[in-house]
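Report on the structure
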Amino acid sequence: MKQKLFLITPPFTQLNTPYPATAYMKVFLNTFEVPSEQEDLGIEVILKLFSKEGLENLFKVQGLKFKVSEQIISHNSKRIIALQDEYLQNHRSSNCFFARKKSNFGFVNLSRRLFA
């Protein structure tokens, strides 16, 4: 009985796009009939973070008003906090986009804002 390999991409390996190395390795192993599974924990972390529960927890933490190394909260962070209701309303659509189940999410939302 052949042992099955489990290929893992750790979270935050490549932040701007899925990291393809383990997927390519799985395909390569398949050509030699080596049983394997592949998991991208980076995508799993993003899906968890941008779930309704993850976003609610994130906004609860910012409400604690803790100090971070004497740094001032960035303009972008203030904007995200101000738009937290929109983030909570759109969490399902964004997760479908991250999981590649809905590829037009960004375009549709941008179009709505530009032409509404």
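Residues numbered from 1 in each chain as written. Predicted model: local features only at pLDDT ≥ 70, side-chain atom pairs only at ≥ 80, totals over all residues. Heavy atoms only, no water.

A word on a nonpolar patch on the surface
We apply this condition: Exposure above 30% relative accessible area and the lack of any salt bridge qualify a residue for a patch; like charges then connect within 9 Å, and the nonpolar side chains Val, Leu, Ile, Met, Phe, Trp and Tyr within 5 Å. Accessible surface is estimated by sampling points in the Shrake-Rupley manner with a 1.4 Å probe; for residues, cover comes only from the protein chains shown. Salt bridges are identified by distance alone: a Lys or Arg side-chain nitrogen within 4 Å of an Asp or Glu carboxyl oxygen. Each helix corresponds to a stretch of at least 4 residues labelled H or I by DSSP, and each strand to a stretch of at least 2 residues labelled E; elements are numbered beginning at the N terminus.
Residues Phe6, Ile8 and Leu41 make up a contiguous nonpolar surface patch of about 270 Å² in total accessible area. Turning to its location among the elements, leucine 41 is positioned in helix α2 (residues 41–49).

A few points about the pattern of salt bridges
In plain terms, the rule: Buried means the residue's accessible area, taken with a 1.4 Å probe over protein chains only, is under 20% of the maximum for its type, while exposed means over 50%, and partly exposed covers the values in between.
Applying the stated criterion across every chain yields a total of one salt bridge. Note that lysine 4 and glutamate 37 form a salt bridge whose closest N and O atoms lie 3.2 Å from each other. One end of the pair, lysine 4, is in the segment before β1 (5–9); the other, glutamate 37, is in strand β2 (residues 36–40), and 33 residues separate them in sequence. Take lysine 4: its relative accessible area is 53%, and that puts it in the exposed class. Glutamate 37 gets classed as partly exposed once you look at its relative accessible area, which sits at 37%.

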